[in-house]
Each structure stands twice: as structure tokens, then as C-alpha cells.
Amino acid sequence: MNYDDVENVTTNYMSGRTEHKIKLEKVIDNLLKDQPKYLTEYYYSISAKCEIRTCKEYLSKIKKFLKFLNEDTSKIEVEKITDTDIAKFFKSIERKENKYGDIDDTSFAYRRQYYAILNKFFAFLFNKGYIKINPMDFIECSKKKDKIERHFMDKEDVEAILKGIENGVGWNAMVLRQKDWKTRDKAIILMLITTGVRATALTEINVQDINFQTNEVVVTDKEHEVHTFTMSHELKTALIEWLKDREKLLGGKDIPALFISYKKERLGYQSIRKLTMKYSWFTLGESYSPHKFRASFANMIYGKTGDVYLTANALRHKNVETTMRYLCNDEKKVNKRTVDIMNSIFK
């Protein structure tokens, strides 16, 4: 197939978002299995207004809290949960094991996330009459902030990652396996860094969402927002090369997903995350998540233009304040620009 001549694939497939939603619904069904009735009711109360992935996150964290109280959650008398029980749980999540087996302090943001989720959950229980007193009314949320040192990739870092993909990274078995998939990996990295697309949205892209005539990719993002990204020449070339390899790897199997796994299935978020972390670790000595690629995209745009509104539009942010949280506050650059401005005024 000559992909450069494809105006749009017209096969009527299930959308990547729908496919993803169905899989998450099965995960949620499993999470709710043998759980108290009120947890299922809570899920249905938030399912209409929250993204399915957010619902899963809420339920997972609430279930962790309930299992902290009693491994057999069916035995929990929810009306007897006290603020002390909740405080003990919050104390228990102040530390957790990292990927190396060491114990680290958790971030204040991590703890505040649990507070927000449990606060909503207990408000639901109170409003539904499951409890007469809301124990969260007696718990204060920490106002402490994490000291964050932001590190972002630049052009040289991206080039190093792309070189790593071309040559292979890791031990021999890893390099050998990567060989047949390097066009996929290159296309994924370029898609993330040249469009700033969210990783979850990237996993939901189907082949039919790409139009090589107009150089556009249609993406369904958070809150079902549909966005159109224009492909750079490098990204377009990488996608054409990947689609050729993809066709060979599938061996006639019909699957709509643009990016597929070794198992010939739609690539999921965790696989994208492992991919970005792997290549950045072996080439840069630091692991970068897909979100860090998005933040690096934002800093490249802002660093080149100095236009925060353009950067916000590129990220598809509705609020510039959200964009500001992505940007590196480089004190040296601020000081230099300030001095240059003042020198120009008083010269």
C-alpha cells in the first residue's frame, strides 16, 4: 500500500477510545467484584461526569483504603469508620517502596490526591445516608508543597533518543527484539515530542485517523475533545515507514490500532510509558515519562517563541495557568532577560 496516496482509510472500525473504554470497564467490574454495595453505587454516581480512567483511579485508591481497614471489605461497618482510622491510613501512605526496593517518602501531591478522593467518597456516603457524621470533616489536608526540580529534554536529548532507537539499547536480547519494532518506537517518540499529544490519546489513534494528503492526525483527547494535529515532515515520514513494517508484522491480521504491541494488540498506556522510560534511561541516564515528553514539547515551544498563549493552544489547554505549571522557571534566564531590559532602558 502506498500510504502517501491514502486520503483516509474508510474501514468502519470501533474507535480507539471506545475500545479503551470497554477494556477499562472490565477492569472496573473486577475492582467492584465482591465489594460493598456503596462502592458500586459511588462508581455509578461519578461515572457520568468523570473519565473512565479517573473512575478507575478513584476506585483503586478507595479500595486500598478499605483494605487497610480490613482485608475483607464486606465486614467493614462504614458508619463506624472514624477520623482516627482515616488519619492512620494517611500516616501509612507517607512512605512507599520505590522500583529499586528502597523506601521513599511520598510526595505531598500524592497524599493530597488521596485526601481529595476520600473527601468526595465520604461526602457521597453522608449524602446517601450511609453515615450520620462525616469523619473527613475532622481531617485537615496538608498545605505543604513539594520542592520540584524540573528537568526537560531539548533537541539534543531527543536526537540522542532517536539515535538509541536506531542502534538499539540495553543488552543483546533487547537490541535484537527492538530491531523489528524500531520504526514503531521512532514514530511514537516523534508523535509525543512534536505534537505534545497525551499518551492515552496516542494509544487510541487508529490508522484511519491519519490523513497523509492533508498531513493531519485526528485525536480524541480528555473529555471527548477532538483535536487535529498537523504532522511535521519527520513525523509523517516515520509514520509511513512504521505502517509498512506494521503491515508485515501483522501478517494479514486486521486491527485498527495505529500502534500495536509484540502480541499484535493495541498498545496501552503502560507500554508507552515503559518505552519512553527505557529509551531515555539508556540514552540520557534519566527516565522520562510520556508526560515529561509533553512538558518538554511545551518548553521547546515556549523557549523558541516566549508566547505562553501559543504554547497553551499547542497543548490544547483551556487555561493558561495550567500551561504555566509545565514551564521551567529558569532563574538564570529570567535574571539575564531582566538585566538586558533594564540596560536597554537606562543606556
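Quick caveat, the model's predicted, so the values are computed rather than measured.

Rules and cut-offs
Residues numbered from 1 in each chain as written. Predicted model: local features only at pLDDT ≥ 70, side-chain atom pairs only at ≥ 80, totals over all residues. Heavy atoms only, no water. Helix = DSSP H or I, 4+ residues; strand = E, 2+ residues; numbered from the N terminus. Buried < 20%, exposed > 50% of the residue type's maximum accessible area, 1.4 Å probe, protein only. Contact = heavy atoms within 4.5 Å. Lys, Arg positive; Asp, Glu negative; His and termini not counted. Charge placed at Lys NZ, Arg CZ, Asp CG, Glu CD. Salt bridge = Lys/Arg side-chain N within 4 Å of Asp/Glu carboxyl O. Phe/Tyr/Trp six-rings, centres within 6.5 Å; stacked < 30°, edge-to-face > 60°. Lys NZ or Arg CZ within 6 Å of the ring centre and 35° of its normal.

Some remarks on the overall build of the protein
Working step 1: A tally of regular secondary structure across the protein gives 15 helices and five strands.
Working step 2: Considering the protein as a whole, with its 347 residues, one finds that 39% of them fall into the buried category.
Working step 3: A fraction of 63% describes how many contacts in the protein between residues 6 or more apart in sequence connect residues 24 or more apart.
Working step 4: Taking the average place of the 61 positive charges on the side chains of the protein and the average place of its 50 negative ones, the gap between the two points comes to 2 Å.

Thoughts on the pattern of salt bridges
Working step 1: This model, assessed by the stated rule, comprises 13 salt bridges.
Working step 2: Of the charged contacts in the structure, one is a salt bridge between Glu 71 and Lys 67, with a shortest N-O distance of 3.6 Å.
Working step 3: Relative accessible area serves as the criterion here: at 58%, Glu 71 is assigned to the exposed category.

Notes on the side chain of Glu 204
Working step 1: With respect to the secondary-structure elements, Glu 204 resides in the loop between helix H9 (199-203) and strand E3 (210-211).
Working step 2: Beyond its immediate stretch of four places on either side in the chain, Glu 204 contacts Gly 16, Arg 17, His 20, Asp 209, Thr 220 and Arg 266.

Topic: the environment of Ala 116
Working step 1: As for its placement among the helices and strands, Ala 116 is situated in helix H5 (residues 108-127).
Working step 2: Ala 116 sits 45 residues away from Ile 161 along the chain, and the two C-alpha atoms are 37 Å apart.

A few points about the packing of aromatic side chains
Working step 1: All told, the structure shown has 15 aromatic pairs when counted by the stated rule.
Working step 2: Judged by centre distance (6.2 Å) and plane angle (45 degrees), the ring pair of Tyr 38 and Phe 121 falls under tilted. Of the two residues, Tyr 38 is situated in helix H2 (residues 37-47) and Phe 121 in helix H5; the sequence distance between them amounts to 83 residues.
Working step 3: The exposure class of Phe 121 is buried, given its relative accessible area of 0%.
Working step 4: Aromatic side chains Tyr 42 and Phe 121 sit 5.3 Å apart centroid to centroid with 80 degrees between the ring planes, which places their arrangement in the edge-to-face category. Here the residue Tyr 42 occupies a position in helix H2, and Phe 121 occupies one in helix H5, the gap between them amounting to 79 residues.
Working step 5: What makes Tyr 42 buried here is its relative accessible area of 2%.
Working step 6: For Arg 316, the ring lying beneath its charged end belongs to Phe 229, and the centroid distance is 4.2 Å.

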